[in-house]
Amino acid sequence: MTRTAREDDCPTVYTTDRGSIAVQGFTVDRPTPDGEAVVEIPEAVLREAFHALGW
């Protein structure tokens, strides 16, 4: 995975070699299927990631 935000940022957005986006964030207590989780990340983190990706 490749980090799209500054090194000192957390939560973080990553691009994968499969053409997808992975996020590291704060877990949210919501029921999900096995192997999945809901995470919360600030809108500013997504905006910065989009900017870094040229979107």
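Since the model is a prediction, treat every value here as computed from it, not as a measurement.

What follows covers the environment of Val38. Here Val38 lies in the loop between β4 (26-27) and β5 (39-40). Val38 sits 13 residues away from Gly25 along the chain, and the two C-alpha atoms are 8.8 Å apart. Dropping the residues within four chain positions of it, Val38 is found in contact with Phe26, Thr27, Val28, Arg30 and Thr32.

A few words now on a nonpolar patch on the surface. Taken together, the side chains of Ile21, Val23, Val39, Leu46, Phe50 and Trp55 present a nonpolar region at the surface, about 520 Å² in accessible area. Elements represented by at least two residues in the nonpolar patch include exactly β3 (21-24) and α1 (43-53). By the element assignment, Leu46 lies in helix α1. A relative accessible area of 31% means that Leu46 is categorised as partly exposed.

Scoring rules and cut-offs
- Residues numbered from 1 in each chain as written.
- Predicted model: local features only at pLDDT ≥ 70, side-chain atom pairs only at ≥ 80, totals over all residues.
- Heavy atoms only, no water.
- Helix = DSSP H or I, 4+ residues; strand = E, 2+ residues; numbered from the N terminus.
- Contact = heavy atoms within 4.5 Å.
- Patch = residues over 30% accessible without salt bridge, like charges linked within 9 Å, V, L, I, M, F, W, Y side chains within 5 Å.
- Areas by Shrake-Rupley, 256 points an atom, 1.4 Å probe, with all protein chains shown as cover.
- Salt bridge = Lys/Arg side-chain N within 4 Å of Asp/Glu carboxyl O.
- Buried < 20%, exposed > 50% of the residue type's maximum accessible area, 1.4 Å probe, protein only.

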